[in-house]
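The primary structure of each chain is shown beneath.
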Amino acid sequence: MEYIALTGIADSVIEILKKHELRTLEIRNPQNFFGVLGLNAGDNVLLTSTSLQDLTDGTSGLIAKVIQKQVSVHSFVSSNDLYIEERESLSARIQLECRHMARVKNVISNEIGKAVRVDAREISCYEAR
């Protein structure tokens, strides 16, 4: 089945998500942010600790269901007597519910600036590689 993949997620975050029903993640990484923009409540997403550059066939990850998504803009203003500087940053918060473990069969799209898409299948805990 085809999924959007969020890469480089900390192992500790994935372990916490496995043990709890719901968890909310804040996504600031630009590549993962593009992926979150393509998600809606009810969609499934693959989370993996593997970096974007190392994502290949056989990579394992966690499938989670998106319960809620929120995109927000943060504005920062700093100034002194000589200048005023204003910056903005985008972030996304997604609430996830753990589904099952999966393994990537095929990387469909892994382009910078676009959502990472993979074809993955569910794996059982007793399945050997």
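So, how was this worked out
- The residue count restarts for each chain, going from 1 along the sequence in the order it is written.
- Under the rules for a predicted model, residues below a pLDDT of 70 receive no local features and side-chain atom pairs below 80 are neither given nor counted, while totals for whole chains, interfaces and linings still include all residues.
- The side-chain values count all of the structure's non-hydrogen atoms but skip hydrogen atoms and water molecules.
- Exposure above 30% relative accessible area and the absence of a salt bridge qualify a residue for a patch, where like charges join within 9 Å and nonpolar side chains (Val, Leu, Ile, Met, Phe, Trp, Tyr) within 5 Å.
- Note on areas: Shrake-Rupley, 1.4 Å probe, and residue coverage restricted to the protein chains presented here.
- We count a salt bridge whenever a side-chain nitrogen from Lys or Arg sits within 4 Å of a carboxyl oxygen from Asp or Glu.
- Going along the chain from the N terminus, every DSSP run of H or I of four or more residues is numbered as a helix, and every run of E of two or more is numbered as a strand.
- Note on pairing: two strands pair once DSSP finds at least 2 bridges between them.
- Note on exposure labels: buried denotes an accessible area under 20% of the residue type's maximum, exposed denotes more than 50%, and partly exposed covers the range between, all computed with a 1.4 Å probe on protein chains only.

A.B. asks: A description of a nonpolar patch on the surface should follow, citing residues and the corresponding values.
C.D. replies: On the surface, a cluster of nonpolar side chains totalling about 420 Å² of accessible area is made up of Phe34, Leu37, Val71, Val73 and Leu90. Listing elements by their share of the nonpolar patch, those giving two or more residues are α2 (30-37) and β4 (60-79). Position of leucine 90 among the secondary structure elements: in strand β5 (residues 84-109).

A.B. asks: Break down the pairing of β5 for me, with residues and values.
C.D. replies: Two elements, strand β2 (residues 22-27) and β5, share 6 bridges in a ladder whose sense is antiparallel. From the neighbouring strand, arginine 23 faces β5, where its bridge partner is leucine 96. Both β4 and β5 contribute to a ladder of 19 bridges, which runs antiparallel. Of the residues in β5, the one forming a bridge with valine 71 is alanine 92. Hairpin connection from β4 to β5: 4 residues lie between these consecutive antiparallel strands. The hairpin formed by β5 and strand β6 (residues 116-122) contains 6 residues between the paired strands, and glycine 113 there has a positive phi angle of roughly 90°.

A.B. asks: Requested: an account of the pattern of salt bridges, with residues and values cited.
C.D. replies: Pairs can form between side chains of opposite charge whenever their charged atoms are close. The full count for this structure, using the stated rule, is 8 salt bridges. Residue glutamate 2 is joined to arginine 117 by a salt bridge in which the shortest nitrogen-to-oxygen separation is 3.5 Å. One end of the pair, glutamate 2, is in strand β1 (residues 2-6); the other, arginine 117, is in strand β6, with 115 residues separating them in the sequence. Salt-bridge contacts for arginine 93 lead to glutamate 26; the nearest nitrogen and oxygen are separated by 3.6 Å. Of the two residues, arginine 93 is situated in strand β5 and glutamate 26 in strand β2; the sequence distance between them amounts to 67 residues. Given a relative accessible area of 37%, arginine 93 falls into the partly exposed group. Each of Glu26, Arg28 and Arg93 takes part in a single network of salt bridges with overlapping partners.

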